[in-house]
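What follows is each chain in one-letter form.
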Amino acid sequence: HTTSKTKTETTPQSPKVETKLKSNGKTLYPSVPFEIINSLYEKCDYVDYSFEKLPFTISRQEPSDLRHSIAQIAQEIALVDENCPPFGRMIYYKDGSIALEALIYFSKGCNYFVFLENNQPKYANFMTPSGIQFFNGLLAQLQQTPQQ
């Protein structure tokens, strides 16, 4: 007599990435979807940067500057360290509306973006070397500027 055992694994569908997965005290969010980045790359009008402790904001609208700004977002998912304070915020606009908003984390050991949806963290990506260079350049310029 033959017993055919078909093993049907009833593994529950793995949930869509939980908003928060703790790992070493760091929070993990998924990477910002490629479609969003690609859409910005093709249709972004301008990007605004504002900073927590710097006395200025930056607006960039030249296509090459916008592409450089978008290229600051690495594909790697960032581990968000709650000990790192936000350095600033960047907002990408498309057709005059906010297309993507992110908190900028830029300090020793923290180089990443946390993207917001309805003012809540949704995605997190590391900063590329060109992003690190950009923000280091800003800080260097600021240190050279005579204080009033």
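Read on for an overview of the structure. (Residues numbered from 1 in each chain as written. Predicted model: local features only at pLDDT ≥ 70, side-chain atom pairs only at ≥ 80, totals over all residues. Heavy atoms only, no water.)

Observations concerning the side chain of Q72
Using the following cut-off: Strands here are runs of E lasting at least two residues and helices are runs of H or I lasting at least four, both read from the DSSP assignment and numbered beginning at the N terminus. Here, residues are in contact when the closest pair of their heavy atoms is within 4.5 Å.
With respect to the secondary-structure elements, Q72 resides in the loop between α2 (63–70) and β5 (73–77). Filtering out sequence-adjacent residues up to four positions away, Q72 remains in contact with Y49, R60, F113, F126, M127, T128, S130, G131, F134 and F135.

Focus on the pairing of strand β4 (residues 57–60)
What counts here: Here the term buried applies to any residue with accessible area under 20% of the maximum for its type, exposed to any over 50%, and partly exposed to those in between, with areas from a 1.4 Å probe on protein chains only. Two strands pair if DSSP finds at least two bridges between them.
Taking every second residue as pointing to the same face, the buried face of β4 carries I58 and R60, while none of T57 and S59 on the other face is buried. Pairing analysis gives four bridges linking strand β3 (residues 46–51) to β4, with the strands arranged antiparallel. Looking at the pairing, V47 lines up with R60 of β4. What sits between the antiparallel neighbours β3 and β4 is a turn of five residues.

A few points about the layout of surface pockets
In plain terms, the rule: Using a grid of 1 Å spacing that covers the protein atoms alone, one calls a set of points a cavity when a 1.4 Å probe fits there but cannot get out, and a pocket when the set is open and has protein on both sides within 12 Å along at least five of seven lines; lining residues are those with an atom within 4 Å of a point. Grid points are joined across faces, edges and corners, and a volume is the space filled by probe spheres set on the points. Asp, Glu, Lys and Arg are counted as charged, while Ala, Val, Leu, Ile, Met, Phe, Trp, Tyr, Cys and Pro are counted as nonpolar; the rest, among them Gly, fall into the polar class.
In this structure, the largest pocket spans a volume of roughly 180 Å³. Top element by residues in the lining of the largest pocket is helix α1 (residues 34–43). It accounts for four residues. Taken together, the residues of the lining of the largest pocket sort by class into nine nonpolar, four polar and no charged.

Thoughts on unusual backbone geometry
Phi at N118 takes a positive value of approximately 55°, unusual for a residue other than glycine. Tracing the backbone shows N118 in the loop between β9 (110–117) and β10 (120–127).

A word on the pattern of salt bridges
Test applied: The term salt bridge refers to a side-chain nitrogen of Lys or Arg lying within 4 Å of a carboxyl oxygen of Asp or Glu.
The full count for this structure, using the stated rule, is three salt bridges. Between E101 and R89 there is a salt bridge whose closest N-O contact spans 2.4 Å. One end of the pair, E101, is in strand β8 (residues 97–107); the other, R89, is in strand β7 (residues 88–94), with 12 residues separating them in the sequence.

Comments concerning the sheet that holds β3
Inclusion rule: Only the contacting stretch of a helix is used when fitting its axis, a line to C-alpha atoms as for every element, and angles between N-to-C directions run 0 to 180 degrees.
Strand order in the open sheet formed by seven strands is β4-β3-β7-β8-β9-β10-β5, with antiparallel pairing between adjacent strands. Both outer strands of the open sheet, β4 and β5, are each paired with one neighbouring strand and no more. Strand after strand, the sheet turns through a mean of 30° between neighbouring axes, direction not considered. By the bridge criterion, six bridges tie β9 to β10 in an arrangement that is antiparallel. Its bridge partner being in β10, F115 is matched across the sheet by Y123.

Looking at the packing of aromatic side chains
Applied cut-off: Note on aromatic contacts: the rings of Phe and Tyr and the six-membered ring of Trp form a pair at centre separations within 6.5 Å, being stacked when their planes are under 30 degrees apart, edge-to-face when over 60 apart, and tilted otherwise. Lysine and arginine charges are scored as sitting over a ring when NZ or CZ, respectively, is within 6 Å of the ring centre and within 35 degrees of the ring normal.
Taken as a whole, this structure holds 12 aromatic pairs when the rule is applied. With 6.4 Å between their ring centres and 5° between their planes, Y49 and F51 make a pair best called stacked. Y49 sits in the buried class, given a relative accessible area of 1%. According to the relative accessible area criterion, F51 is buried, its value standing at 10%. Here the aromatic residues Y49, F51, F56, F87, F106, F134 and F135 are joined through ring pairs into a cluster of three or more. Between the NZ or CZ atom of R67 and the centre of the ring of Y41, over which it lies, the distance is 4.8 Å.

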